[in-house]
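# Report on the structure
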Amino acid sequence: MQVLQRTNHRQFKLTEEDLAKFSQDGFLVIRNFCERAVCEEMLAAINSSLNPALAPVEYEAEVQYPGAPESRLSPGGDTPRRLLNAFARDEVFRRWATAGQVGSIVKSLLGVSQVLASQNHHNCIMTKYPGYGSSTGWHQDIRYWRFDRPDLVTLWLALGKENKQNGSLSVIPGTHRIHYDRGQFDAAYFFRTDLKQNNELVKSSIDIEMSAGDVLFFHCRLLHCARQNHSDQVKLSVVFTYHASNNYPIAGTRSAEHPDIELRNMEWR
Ligand SMILES: O=C(O)CCC(=O)C(=O)O
């Protein structure tokens, strides 16, 4: 697995080898990218958004993934899956999502000179609760996104431990480069695990274990999934998505609903 250690933000620069690995595998993990103090600031902001859960919230009962409560009225029906609109929730998320250090990495990964952050996709805090937090089947994030080109990068920041026990992500390296037939996905665009051809690919999946401050950058076509949370603590991750400024969202779709956000030439703290 591609794993880098942060040394100094100002000097942080991906090497040719890192870029070749990302282009090959479709993801990149950087350890200790976000300082503890900034993670703590985000956790404080999340706590005040969770008790009570401040709208807009997506509930587990709404997604109906395996393990989710049957309805909002069932036991666990009020379990949040995502605190939506992280941009508008607290200044710390805006600072983080639009920071120069993030921008320079995303630009290198996409091979472009200017990138924008989307308010319409991800832009959320993933809240995976024990008990009622559901698992998410194999999928590509691009499935519901509409852009000129299927070339976006997501930044996933762990605010605590993410491992098999508490519902970490798994990815299948290289799957962002494959052309798929529509029939390899079900009606909801999940990758069908009843097909031998698909299962051959799933066999090469790897688990992404992370600690607070680690980040995962991944391509919007990369197949990934996540387990349920079998620990006794909620798992919290901050997730934003980026695209080249000349990769336009298709007008009239959800991808174009709110304006994209320019990145700054400043650090997050
Ligand atoms: O944490 C999860 O269950 C999966 C999240 C995810 O892959 C997504 O929202 O696209």
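Predicted model only: the values in this text are computed from it and were never measured.

Scoring rules and cut-offs
Residues numbered from 1 in each chain as written. Predicted model: local features only at pLDDT ≥ 70, side-chain atom pairs only at ≥ 80, totals over all residues. Helix = DSSP H or I, 4+ residues; strand = E, 2+ residues; numbered from the N terminus. Near = placed C-beta within 6 Å. Pairing = 2+ DSSP bridges. Buried ≥ 20, exposed ≤ 12 C-beta atoms within 10 Å, placed from the backbone. Expected span 1.5 Å × (residues − 1). Arc of directions from axis to C-beta. Contact = placed C-beta atoms within 7 Å. Core = buried A, V, L, I, M, F, W, Y, C linked by C-beta atoms within 7 Å.

### Thoughts on unusual backbone geometry
The omega torsion across N51 and P52 is 0°, close enough to zero to call that bond cis. With respect to the helices and strands, the residue P52 is situated in the loop between α2 (36-50) and β3 (57-59). A cis amide bond links A55 with the next residue in sequence, P56, at an omega value of 0°. Take P56: it is sitting in the loop between α2 and β3. Within the chain, H122 stands out as a residue other than glycine whose phi angle is a positive 55°.

### A word on the site of the ligand
Neighbouring the ligand are the residues M126, K128, T136, D141, H224 and A226. Looking at the shell around the ligand, the elements that each hand over two or more residues are β6 (124-128) and β12 (224-226).

### Considerations on the sheet that holds strand β7 (residues 136-139)
Pairing is antiparallel across the open sheet formed by four strands, whose spatial order is β7-β12-β9-β10. Every interior strand has two partners, whereas the edge strands, β7 and β10 (206-207), have only one. With two bridges connecting them, β7 and β12 associate as antiparallel partners. Within the sheet, the bridge partner assigned to H139 lies in β12 and is H224.

### Concerning the pairing of strand β13 (residues 235-244)
With nine of ten residues buried, β13 lies mostly within the body of the structure. Relative to β13, strand β5 (residues 115-117) runs antiparallel, the two being bridged by three bridges. Within β13, the residue paired with L116 across the bridge is H243. Two strands pair when backbone bridges link them, and β6 and β13 are joined in this way by five bridges, in the antiparallel orientation. Among the inter-strand pairings, T127 is bridged to a residue of β13, identified as L236. Summarising the sheet, strand β8 (residues 152-158) and β13 pair through seven bridges and their orientation is antiparallel. Within β13, the residue paired with A158 across the bridge is S237.

### Brief notes about α2
Under the 1.5 Å per step criterion, the end-to-end length of α2 is 21 Å for 15 residues, consistent within 8% with the ideal 21 Å. Those residues of α2 that sit buried are V38, C39, M42 and I46. Down the axis of α2, the smallest arc covering the buried residues is 100°, so these residues share one side. More than 90 degrees from the buried face of α2, the exposed residues found are R36, A37, A44, N47 and S48. Residues of α2 that are buried sit in contact with β4 (80-84), α5 (91-97), β6 and β13.

### Re the environment of E41
Of note, E41 is situated in helix α2. Given 19 C-beta atoms within a 10 Å radius, E41 is considered partly exposed.

### Description of the nonpolar core
If you look at the biggest cluster of nonpolar residues, it comprises 62 residues, and the most contacted ones within it are V215, L216 and F217. Dropping the residues within four chain positions of it, F217 is found in contact with F27, L28, I105, L109, V153 and L155.

### So, the pairing of β8
Of all seven residues that make up β8, seven are buried, and the element is covered over most of its length. The side-chain alternation of β8 yields two buried faces, one formed by L152, T154, W156 and A158 and the other by V153, L155 and L157. Pairing of β8 with strand β11 (residues 215-219) involves five bridges; the strand directions are antiparallel. The residue of β11 that forms the bridge with T154 is F218.

### As for the environment of Y242
Summarising the element assignment, Y242 is placed in strand β13. What makes Y242 buried here is the crowd of 31 C-beta atoms within 10 Å. Y242 sits 136 residues away from V106 along the chain, and the two C-alpha atoms are 7.3 Å apart. If we skip the residues at most four places from it in the chain, Y242 touches V106, V115, L116, A117, L152 and V153.

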